Amino acid sequence: MKYVFISFYLCFTVLLPFATTQAELTGEVIFGHPEHFDELWMTHVEDPRTAHRIFSDPVEAIGKFSVQKGGPLLVFISFRGIVADVHLLDRTQPRRKTRNLTKGLFDGISDVAISKNRDVVFTTGFLEPPEARGIYLIPHHQLKRDLPAATPLKRASAVNVEWSPNGEVIAYATGSEVFLLNIFTSEHLRIASDGIAPALSPDGKKIAFAHVFRPEPHENHLSILSLATLQPVVHIEVKALPDDTAGWWGLSWSPDGQYLIYTIFTKNFHSFHNTAVPIAGGPHERVFEKLSPDGVREFDWTRITYAVESRNHLTTLWGEIKQPDH
């Protein structure tokens, strides 16, 4: 099957047939192999012939992962049986073993993210009872230690987590709410009471999220809010989903902020559908289906093209727009 998988790349010349009036989706992406769950691959979406494997662990399956934007580090959740741990990979030293940052000390790890500053956050969203779930921070200066210290940031039933481009704030989602959390000031802000899978734009000025999934047709949509005002700037209706769609898997901005890519999964996790939506308007187009007919479960970009301001809208209006959290 591996040779069949690789052959997809050799005949894959254009990832998205967008109209000439829309900027092409470009960028370097790392993705989990659709069939071999212990492998990570890299490619340029504008030239998939460059695809190559960058990491393989024949023992552990790789779950969610996050790439340091513009840097060499990558963190991922590994599974050995029912035990999940956070591992650190230096892409400049692919032959060296990864470093286990948690060593079985945390149960129920559900998501992980690394900032441009090399700070790592992870969530224990699958931990029971729910009151024991939380969000933890491993500061970058701890990464060289044999067992880095993980500091609890907040007791929350978080299932998704993502860093802001400036590395000061995280966005996270519970089962139905979206929040921002400043890791330096501990300021906490609820963004949406009907949302999941938050994604912060590369310019740090907007946040996107999916509204809680509903099986009824024509009732699913995405929202993009301005972080300066928390007012909607784009509303995206998601139609024509497969009949066996089970829910949202994740959202991702393109490196230039021109596209939002949403991923859904079907019943029994049989397949994943990755779809790109132009922010300025236009048709929804499937991506990655020529890499695998069943789509790609996990992917992340290696860099962003927007210049990241030292401080941005995420830290300007906390006092004015702070809402009670629950």
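Bear in mind that the values here come from a model prediction, so they are computed numbers and not experimental data.

Caption draft 1: Highlighting the sheet that holds strand S24 (residues 299-301). Strand order in the open sheet made by the four strands is S3-S2-S1-S24, with antiparallel pairing throughout. Two strands in the sheet have a free side with no partner beyond their single neighbour: strand S3 (47-56) and S24. Ignoring strand direction, the axes of neighbouring strands in this sheet form an average angle of 25°. Of the pairings in the sheet, the one linking strand S1 (residues 28-32) to strand S2 (residues 39-44) comprises five bridges and is antiparallel in character. Residue pairing across strands places Gly 32 opposite Leu 40, the latter belonging to S2.

Caption draft 2: Focus on the pairing of strand S20 (residues 245-253). The element S20 is largely enclosed, with a buried count of eight among its nine residues. Counting the residues in the hairpin turn of S20 and strand S21 (residues 259-266) gives five residues, including Gly 257, whose phi is positive at 75°.

Caption draft 3: Summary view of the sheet that holds strand S11 (residues 151-154). What the four strands build is an open sheet, ordered S8-S9-S10-S11; its pairing is antiparallel. In this open sheet, the two edge strands, each paired with only one partner strand, are strand S8 (111-114) and S11. Adjacent strand axes in the sheet meet at a mean angle of 25° when their direction is disregarded.

Caption draft 4: Structural detail: the pattern of salt bridges. Enumeration according to the criterion identifies ten salt bridges in this entry. Among the ionic pairs, Arg 190 bridges to Glu 177, the shortest N-O distance being 3.0 Å. With a gap of 13 residues between them, Arg 190 in strand S15 (residues 188-192) and Glu 177 in the loop between strand S13 (169-173) and strand S14 (178-182) connect regions that are remote in the sequence. Glu 177 shares its class with Arg 190; the two are buried.

Caption draft 5: Representation of the environment of Arg 145 within the structure. Looking at the element boundaries, Arg 145 is found in the loop between strand S10 (135-138) and S11. By relative accessible area, which is 45% here, Arg 145 ends up partly exposed. Sequence separation of Arg 145 and Arg 99 is 46 residues, and the distance between their C-alpha atoms is 10.0 Å.

Caption draft 6: Up close: the environment of Lys 239. Of note, Lys 239 is situated in the loop between strand S19 (232-238) and S20. Along the primary structure Lys 239 and His 221 are separated by 18 residues, whereas in three dimensions their C-alpha atoms are 8.3 Å apart.

Caption draft 7: Geometry of the nonpolar core. Judged by nonpolar contacts, the single largest core of 33 residues is most densely connected at Leu 180, Ile 191, Ile 207, Leu 222 and Trp 248. With residues near it in sequence (within four places) discarded, Ile 191 still touches Val 178, Phe 179, Leu 180, Ile 207, Phe 209, Leu 225, Leu 227 and Leu 230.

Caption draft 8: Just the packing of aromatic side chains, in detail. As enumerated under the stated definition, the model contains 13 aromatic pairs in all. Ring plane angle 85° and centroid distance 6.3 Å describe the contact between Phe 299 and Trp 301, whose orientation is recorded as edge-to-face. Residues Phe 299 and Trp 301 agree in their burial class; the two are buried. Counting every residue linked through ring pairs, the aromatic cluster contains Trp 249, Phe 265, Phe 269 and Phe 272. Arg 297 extends its terminal NZ or CZ atom over the ring of Phe 37, reaching a point 5.4 Å from the ring centre.

Caption draft 9: Just unusual backbone geometry, in detail. Cis geometry is adopted by the peptide bond preceding Pro 129, which originates at Glu 128 and carries an omega value of 0°. Turning to its location among the elements, Pro 129 is positioned in the loop between strand S9 (120-123) and S10. At Lys 103, a residue that is not glycine, the phi angle is positive and equals roughly 50°. Structurally, the position occupied by Lys 103 is in the loop between strand S7 (99-100) and S8. The backbone of Ser 186 shows a phi angle near 65°, a positive value even though the residue is not glycine. Tracing the chain through its elements places Ser 186 in the loop between S14 and S15.

Calculation criteria
- Residues numbered from 1 in each chain as written.
- Predicted model: local features only at pLDDT ≥ 70, side-chain atom pairs only at ≥ 80, totals over all residues.
- Heavy atoms only, no water.
- Pairing = 2+ DSSP bridges.
- Helix = DSSP H or I, 4+ residues; strand = E, 2+ residues; numbered from the N terminus.
- Axes fitted to C-alpha atoms, helices over the stretch in contact; angles between N-to-C directions.
- Buried < 20%, exposed > 50% of the residue type's maximum accessible area, 1.4 Å probe, protein only.
- Salt bridge = Lys/Arg side-chain N within 4 Å of Asp/Glu carboxyl O.
- Core = buried A, V, L, I, M, F, W, Y, C linked by side-chain atoms within 4.5 Å.
- Contact = heavy atoms within 4.5 Å.
- Phe/Tyr/Trp six-rings, centres within 6.5 Å; stacked < 30°, edge-to-face > 60°.
- Lys NZ or Arg CZ within 6 Å of the ring centre and 35° of its normal.

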